[in-house]
Amino acid sequence: MKVFFQQVLALCVIATAMVFTTTAHAAEPTWAMLNFGVRNITEDDAATFRDLLQTEISKQREVQFVRSNAVCGDKRCAAAEGNKLGAEATVYGSIAALGEKLIVNVEVVDNENETILRSERMSVTKIEELDLVAARLAKAIATNQDVRDTAELGLVTTDESKVETRRQGFGGVAIGVGAMLPVTGYAEVPIGVAIDAAYWYEASKFAIGPRVGLRFQADPKGENNYYEIPVDLGAYFIFGLGDFAPFLGGGAGLRFISDTRRSTILTGNVIQTTHETDLSDSTWGLGTYVRGGVLLFRTYTVRVSLTIDYNVAWVELHDDFGQQSLTMMLNTHF
Amino acid sequence: MKRSTHILALVVAVLGGISALSCSIDPDFDAFDDLFQSSSCAGTTPDLNGIWEISGTGKRTECRDDFLNTDKFIMSSLEIPMAYDEVTGELTLGDNNFGAGFEIKNAVIDQACVEFTTVERVGDQTIEYRWKGKAQSGQFLEGDFTGTGPSACAATGNFTMSK
C-alpha cells in the first residue's frame, strides 16, 4: 500500500512538472530558423553563422526555434516554410562573398501576414568577424534597433572602424582688393578702400571660408574718416564647373568700426558759441553680408573672382543704427 | 642820544609799522591788480546808451564732455540794448528781452569800465559768462570774459562791443 502511494505521488510530481513545462513553452513564441543561402563561402561557415545567430537571438529575447534545412530567398517562401513548422516568424537570409567582403543579409518574416518584421544587412572583411555580426544582428532583431545603433565595445567590426571615404575639395588662400561704397554710416564718406584675406575651400558646387578684412577712407586728407575690420565666415553656392562660374552666398561675423566725423559744436541759445571738432565713435558688433560674384578660370589652380557684397553691420554709431555698404572686389584664389 | 640809536629806532618803527599793516590786509587783496584796474578804467564814462552788438572768441577747457573742449570757439554776434542812468549810476542791459532762460545781472560801471554777468540755462545745464570791458569811445568797447558751463567747462576769451 505504501509503495502504491509513493508511485502515485511520483506520478503527480512528474505530471505537474510536465504541465508547467508545457505552459512555459507555450508562452514563448516559436520562430523558424532556415538555412542561409551561400555564395562563395562554405556551407559549414554558413551553418556556424546560423547557429551563432540563433543562440544570440535566444539570449536577447524569449523565443524557441525550430530549424529547417530549407533555403529561401524571399518572404513568401520563408513564411510558407515557417507555417509548415508551426512557427509564428521565420528567420532567413544569405551570406555572400563579394571580393574581399562578406555580406550578410538577415530577414524576419511574419508567417501569418507574410510581412517583413526586420531586415538587416552587415558586411565584414574577415570571416572571423561573423560572430560579431551574429551578435549585432541578433540584438538588432531582438530589440528592434537599427543595426548601426547596436555597436558597443567588443562588437565593432573592422569595417566599421575604418575612416569613411570623403569627397575632396580644394582649399587655399584668397586675397582681395576693391572699393567700398558706404550707403549709410561710415563717416558719410563717398568711397573707401577694401582689402580681404581669406581661406577659400571650394568643392564642385559650393565654397566656404573665413575672411578678415580692412576697410578705410580712400582720401587720407578727408575731414571724415573711418575704418572697419570684418571677421566673417561665408558660404557660397557655385553655379557651374567651367571657367566662368557665377556664385551666390553670404556670411556673418564680427565687425569693428571706428567712425570719426568733423562736426560743428554749438553751445547756448542766446550767447551762442561754435567750434569744430572731431567726433569719434567706435564699437564691435554683428555683421552680415550677401555676396554675388563670378569665379573665373575655375579649372585652374589659381583662380580669380569678381564679387559684389552688400554689408550690414548691426551696430549704432553716432546715434545711427545699421551701417550699410556695398563692396566690389577683385579676388585671387591661390 | 646818539645818532646811531636814532637810526635804529626809526628802522624798528618802520618795520613794525609794515608788519602791523600786512597783518590787517585781506590776503586776497591784490594791491597791484587794484592799481592796474584803477588806472585802466581811468577816464570819463562815455554815452553807453543804445544797441550794442557783442561778439568774441575764446577757448574752453576742463569739460566733462571732451567734444566741448576747444582751443578756439567763436561767439556769434548778439545785439544787447544798454541803458545808463547818469544820475543814479544804474546800468541796465538786455532789457529782459531774451526769454526766461537768460538773464544779465551784476551790471556796473566804473569810469570807462563796464562789467556784467550773463546766465543762460539750456536744459539742465547753466552757462555763465562774466564780462569785463573798457569803453574806448561811445561806439566801441572791448575786454575779456571768463565763463563756466556747460558740462563743467571753464571758458576764457575776449570780446568787443560796438554800436
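Parameters at a glance
- Residues numbered from 1 in each chain as written.
- Chains lettered and ligands numbered in written order.
- Predicted model: local features only at pLDDT ≥ 70, side-chain atom pairs only at ≥ 80, totals over all residues.
- Heavy atoms only, no water.
- Helix = DSSP H or I, 4+ residues; strand = E, 2+ residues; numbered from the N terminus.
- Buried < 20%, exposed > 50% of the residue type's maximum accessible area, 1.4 Å probe, protein only.
- Contact = heavy atoms within 4.5 Å.
- Areas by Shrake-Rupley, 256 points an atom, 1.4 Å probe, with all protein chains shown as cover.
- Axes fitted to C-alpha atoms, helices over the stretch in contact; angles between N-to-C directions.
- Parallel < 35°, antiparallel > 145°, perpendicular 65-115°, else oblique.
- Left-handed = near helix turned anticlockwise from the far one by under 90°.
- Buried area = accessible area lost by both parts, 1.4 Å probe.
- Salt bridge = Lys/Arg side-chain N within 4 Å of Asp/Glu carboxyl O.
- Polar contact = N/O pair within 3.5 Å; in protein donor to acceptor, adjacent residues only side chain to side chain.
- Nonpolar A, V, L, I, M, F, W, Y, C, P; charged D, E, K, R; others polar.
- Pairing = 2+ DSSP bridges.
- Disulfide = S-S within 2.5 Å.
- Core = buried A, V, L, I, M, F, W, Y, C linked by side-chain atoms within 4.5 Å.
- Patch = residues over 30% accessible without salt bridge, like charges linked within 9 Å, V, L, I, M, F, W, Y side chains within 5 Å.
- pLDDT = per-residue confidence, 0-100.
- Phe/Tyr/Trp six-rings, centres within 6.5 Å; stacked < 30°, edge-to-face > 60°.

With that settled, consider the overall build of chain A. Counting secondary structure elements, chain A contains 5 helices and 14 strands. Scored against the burial criterion, the 334 residues of chain A give a buried share of 43%. In chain A, of all internal contacts separated by at least 6 residues, the share reaching a separation of at least 24 is 58%. When the accessible surface of chain A is totalled, it reaches about 18,300 Å², and 59% of it is carbon and sulfur.

The next thing to look at is the packing of helix H2 (residues 43-60) of chain A against helix H4 (residues 130-143) of chain A. Residue and element names in this part refer to chain A. Where H2 contacts H4, the axes come no closer than 8 Å and their chain directions differ by 40 degrees. By the angle between their directions, the pair H2 and H4 is classed as oblique. Our pair here, H2 against H4, has a crossing hand that is right-handed. For the pair H2 and H4, contact is made by Phe 49, Leu 52, Leu 53, Glu 56, Ile 57 and Gln 60 and by Leu 130, Asp 131, Val 133, Ala 134, Ala 135, Leu 137, Ala 138, Lys 139, Ile 141, Ala 142 and Thr 143, respectively.

On the chain B side, the residues contacting the 12 residues of chain A number 20 residues. For the chain A and chain B pair, buried surface summed over both sides reaches about 1,300 Å², with 63% attributable to carbon and sulfur atoms. If you sort the residues of chain A by the area they bury against chain B, Val270(A), Ile271(A) and His275(A) come out on top, with a joint share of 47%. For the pair chain A and chain B, the interface holds 0 salt bridges. Summed over the shared surface of chain A and chain B, the result is 8 residue pairs in polar contact (both at pLDDT 80 or more). Of all the elements in the fold, those that place two or more residues in the side of chain A that touches chain B are strand S11 (244-267) and strand S12 (273-296) of chain A. It is S12(A) that contributes the most residues to the side of chain A that touches chain B, 5 residues altogether. Residues belonging to the side of chain A that touches chain B are distributed by class as follows: 4 nonpolar, 8 polar and no charged. Pairing between S12(A) and strand S2 (residues 70-85) of chain B: 2 bridges, direction antiparallel. Its bridge partner lying in S2(B), Thr273(A) is registered against Met75(B).

All names here are of chain A. Within this structure, the stated rule accounts for 3 disulfides over all chains. Paired by a disulfide, Cys 72 and Cys 77 hold their sulfur atoms 1.9 Å apart. Across the S-S bond linking Cys 72 and Cys 77, the dihedral sits near -65 degrees, which makes this disulfide left-handed. Classification of Cys 72 by relative accessible area gives buried; the value is 5%.

Moving on, we come to the nonpolar core. Grouped together as the largest cluster of nonpolar side chains are 28 residues, with contacts concentrated most on Trp31(A), Phe49(A), Leu53(A), Val106(A) and Leu137(A). Listing elements by their share of this core, those giving two or more residues are strand S1 (30-35), H2, strand S4 (89-98), strand S5 (101-110), strand S6 (115-124) and H4 of chain A. Broken down by element, the residue count for this core peaks at 7 residues, all from H4(A). With residues near it in sequence (within four places) discarded, Trp31(A) still touches Ile57(A), Arg61(A), Val63(A), Gln64(A), Phe65(A), Val66(A), Ala87(A), Ala89(A), Val91(A), Val108(A) and Ile141(A). Listed in part, the 27 residues of the second largest apolar core include Ile271(A), Leu91(B), Ile109(B) and Phe159(B).

All names here are of chain A. Residues Val 183, Val 290, Ile 308, Tyr 310, Leu 326 and Met 328 make up a contiguous nonpolar surface patch of about 490 Å² in total accessible area. Going through the elements one at a time, strand S13 (303-317) and strand S14 (320-333) are the ones with two or more residues in the nonpolar patch. Note that Val 183 resides in strand S7 (residues 170-184). According to the relative accessible area criterion, Val 183 is partly exposed, its value standing at 47%.

With that settled, the discussion passes to the confidence of the model for chain B. Residues and elements named next belong to chain B. When pLDDT is averaged across chain B, the result is 82; 75% of the residues are at 70 or more. Segment residues 20-38: pLDDT under 50, and 2 contacts once partners within four positions in sequence are set aside and those in other chains are kept. Reported confidences for the modelled complex are a pTM of 0.63 and an ipTM of 0.75.

Attention now moves to the environment of Asn35(A). Residues and elements named next belong to chain A. Looking at where Asn 35 falls in the secondary structure, it is placed in strand S1. On the accessibility criterion, Asn 35 (19% relative accessible area) is buried. Here the alpha-carbon distance between Asn 35 and Ala 70, two residues 35 residues apart in the chain, equals 5.7 Å. In this structure, Asn 35 is in contact with Arg 50, Ser 68, Asn 69, Ala 70, Val 71 and Gly 93, ignoring residues within four places of it in sequence. A distance of 3.4 Å separates the side chain of Asn 35 from the backbone oxygen of Asn 69, its partner in a polar contact.

Once that is clear, we can look at the pairing of S7(A). On a regular strand, each side chain points to the face opposite its neighbour's, so the side chains alternate between the two faces of the sheet. All names here are of chain A. As judged from the 11 bridges shared by S7 and strand S8 (residues 192-202), these two strands associate in the antiparallel manner. When the sheet's bridge partners are listed, Ala 179 is paired in S8 with Val 193. As judged from the 10 bridges shared by S7 and S14, these two strands associate in the antiparallel manner. Within the sheet, the bridge partner assigned to Gly 178 lies in S14 and is Met 329.

All names here are of chain A. For the structure shown, the criterion picks out 16 aromatic pairs over all chains. Here the aromatic rings of Tyr 227 and Phe 256 are separated by 5.9 Å at their centres, their planes lie at 45 degrees, and the arrangement is tilted. Linking Tyr 227 in strand S10 (residues 225-238) with Phe 256 in strand S11, this pair joins segments that are 29 residues apart in sequence. Look at Tyr 227 and you get partly exposed, because its relative accessible area is 35%. The interplanar angle of 55 degrees and the centroid separation of 5.3 Å between the aromatic rings of Phe 256 and Trp 284 together place this pair among those described as tilted. Linking Phe 256 in strand S11 with Trp 284 in strand S12, this pair joins segments that are 28 residues apart in sequence.

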